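Examination of the molecular architecture
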Amino acid sequence: MRRALVVLRMILARRMYAWYFVPLWALGHLILRQVIFKEGVGTTSALDSLSLASGVNVLFTFSTCFPLAMAVGITRRTYVIGNFLHHLQQTVYVIVLLAGLIALERATAGWFLGQTIFDGDHGSWWGTFTWLTPLKILVFLAVFTSARAVHMWRGLQAMLIYMVALGVISTSAYVHVHMWYGDVLDAHFNDGWLAVLLVVLTVLGLAITYLVTRQISVRDS
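This text gives an overview of the structure that appears in the document.

Criteria and thresholds
- Residues numbered from 1 in each chain as written.
- Predicted model: local features only at pLDDT ≥ 70, side-chain atom pairs only at ≥ 80, totals over all residues.
- Heavy atoms only, no water.
- Helix = DSSP H or I, 4+ residues; strand = E, 2+ residues; numbered from the N terminus.
- Contact = heavy atoms within 4.5 Å.
- Areas by Shrake-Rupley, 256 points an atom, 1.4 Å probe, with all protein chains shown as cover.
- Buried < 20%, exposed > 50% of the residue type's maximum accessible area, 1.4 Å probe, protein only.
- Polar contact = N/O pair within 3.5 Å; in protein donor to acceptor, adjacent residues only side chain to side chain.
- Phe/Tyr/Trp six-rings, centres within 6.5 Å; stacked < 30°, edge-to-face > 60°.
- Arc of directions from axis to C-beta.
- Axes fitted to C-alpha atoms, helices over the stretch in contact; angles between N-to-C directions.
- Parallel < 35°, antiparallel > 145°, perpendicular 65-115°, else oblique.
- Left-handed = near helix turned anticlockwise from the far one by under 90°.
- Nonpolar A, V, L, I, M, F, W, Y, C, P; charged D, E, K, R; others polar.
- Patch = residues over 30% accessible without salt bridge, like charges linked within 9 Å, V, L, I, M, F, W, Y side chains within 5 Å.
- Salt bridge = Lys/Arg side-chain N within 4 Å of Asp/Glu carboxyl O.

**What to know about the overall build of the chain**
From N to C terminus, the chain includes eight helices and zero strands. Starting at the N terminus and walking to the C terminus, you meet the elements of the chain as α-α-α-α-α-α-α-α. Considering only intrachain contacts with a sequence separation of at least 6, the fraction spanning at least 24 residues in the chain is 79%. Summing over all exposed atoms, the chain offers an accessible surface of approximately 12400 Å²; the carbon and sulfur share of this is 68%.

**Things to note about the side chain of Thr202**
Among the structural elements, Thr202 can be located in helix H8 (residues 191-213). Residue class for Thr202 comes out buried when judged on its relative accessible area of 8%. From its side chain, Thr202 meets the backbone oxygen of Leu198 in a polar contact 2.9 Å long.

**Quick word on the packing of aromatic side chains**
Tallied over the full model, the rule gives six aromatic pairs. Seen in terms of ring centroids, Phe62 and Phe66 are 6.5 Å apart; in terms of plane orientation they differ by 15°. Their pairing is stacked. Linking Phe62 with Phe66, this pair stays in helix H3 (residues 42-71), spanning four residues, or about one helical turn. Note on Phe62: relative accessible area 0%, which makes it buried. Judged by relative accessible area, Phe66 falls into the buried class, the value being 0%. Clustering of aromatic rings is evident, with ring pairs tying together Phe62, Phe66 and Tyr79.

**Section: the environment of Ala18**
Inspection of the secondary structure assignment puts Ala18 in helix H2 (residues 15-36). For Ala18, a relative accessible area of 1% corresponds to the buried category. In this structure, the C-alpha to C-alpha distance between Ala18 and Asn57, residues 39 residues apart in sequence, is 7.4 Å. Not counting residues within four places of it along the chain, the set of residues in contact with Ala18 comprises Ile11, Leu12, Asn57, Gln89, Gln90 and Tyr93.

**Some details on helix H1 (residues 2-12)**
Looking at H1, one finds that the buried residues are Ala4, Val7, Leu8, Met10 and Ile11. Buried residues of H1 fall within an arc of 160° about the axis and therefore sit on the same side. Facing away from the buried surface of H1 by more than 90 degrees, the exposed residues are Arg2 and Arg9.

**What about the packing of H1 against helix H4 (residues 76-107)?**
Contact pair H1 / H4: the axes reach a minimum separation of 8 Å and the direction vectors enclose 55°. Judged by the angle between their axes, H1 and H4 are oblique. With respect to the hand of their crossing, H1 and H4 are arranged in right-handed fashion. Touching Arg3, Ala4, Leu5, Val7, Leu8, Ile11 and Leu12 of H1 are Thr78, Tyr79, Ile81, Gly82, Asn83, Leu85, His86 and Gln89, all from H4. In terms of residue class, the contact of H1 with H4 is built from nine nonpolar, five polar and one charged.

**Here we look at a nonpolar patch on the surface**
The grouping of Met16, Trp19, Tyr20, Leu24, Leu27 and Ile31 at the surface amounts to a nonpolar patch, some 590 Å² of accessible area in total. Exposure remark for Leu24: the relative accessible area of 48% places this residue in the partly exposed category.

**Quick look at the environment of Leu12**
Inspection of the secondary structure assignment puts Leu12 in helix H1. As for Leu12 and Gln89, which are separated by 77 residues in sequence, their C-alpha atoms are 9.4 Å apart. Those residues in contact with Leu12 that lie beyond four places of it in its chain are Ala18, Trp19, His86 and Gln89.

**What about the packing of helix H6 (residues 132-154) against H8?**
Relative to each other, H6 and H8 sit at 20°, their axes nearing to 8 Å. Looking at the two axes, H6 sits roughly parallel to H8. For the element pair H6 and H8, the recorded crossing hand is left-handed. Within the contact between the two elements, H6 uses Leu132, Leu135, Lys136, Leu138, Val139, Ala142, Thr145, Ser146, Ala149, Val150 and Trp153 and H8 uses Asp191, Leu194, Ala195, Leu198, Val199, Leu201, Thr202, Gly205, Ile208, Thr209, Val212 and Thr213.

In short, shape yes, function no, at least from these values alone.
See the structure below:
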C-alpha cells in the first residue's frame, strides 16, 4: 500500500493535470454554453463535463507516469492500485468542484448578473450528489484507463476496437436482459442493485487494466 501511495503522490505532483485541468475544462464548457449558445447546462450536464475532463486527465496520466513508476521499481499491480487511488481522488474532486460551482452561483445571485447556469435543477441539486454518483464516475474513469492501457499495448487501432467492442457488448447485454427479464427488473431492480452493478463494472475495468498492463513494454511506452 505504501508503494501505491508513492504512485498517487507521483501523479498528484503533476499539478496541471491533477488540479488545474478539470476546473479549467469545466470553466470553458460553462462559458461556451452560457455565452455562445445562451443556454444553461444543468447539474447533470455539468457533472458529465467534469467527469469527461477527469477521464481525459486519468487517460494521459496513466501513460505518462507508467515509465517513471517502472523505473523506480513499482510493480505493475501496485501501479494499477495507485491509479485507482487517483480515481478516488478525482471522483471526490469532481463532486466538490460541482458543488462549489452551484453554491457560488447561488451566493452571487446568478454570477452577479442574474443569469443562472445550472437551470432546471435548483431546489433539488443535492440529488446530484447521491452515493450512486461517485460510483458512476469511478466506472467512467476505469473504462478510460483500461482503454489507455490497450492503446499503450497495441496502439490506436486496438483501442478503437476495444471501445467499439465494449459498446456492442454493453448494448447487446442491455437489450437481451430487458427482452428476457424486463418484468423482473422492473419489479425488483433498485438503486442497491445498480450500485452493485457499478462496483462490478469498476472492478472489471481495473482487472482488464491490470491484465493489459502486464503486457505493456516499458521501452515502447
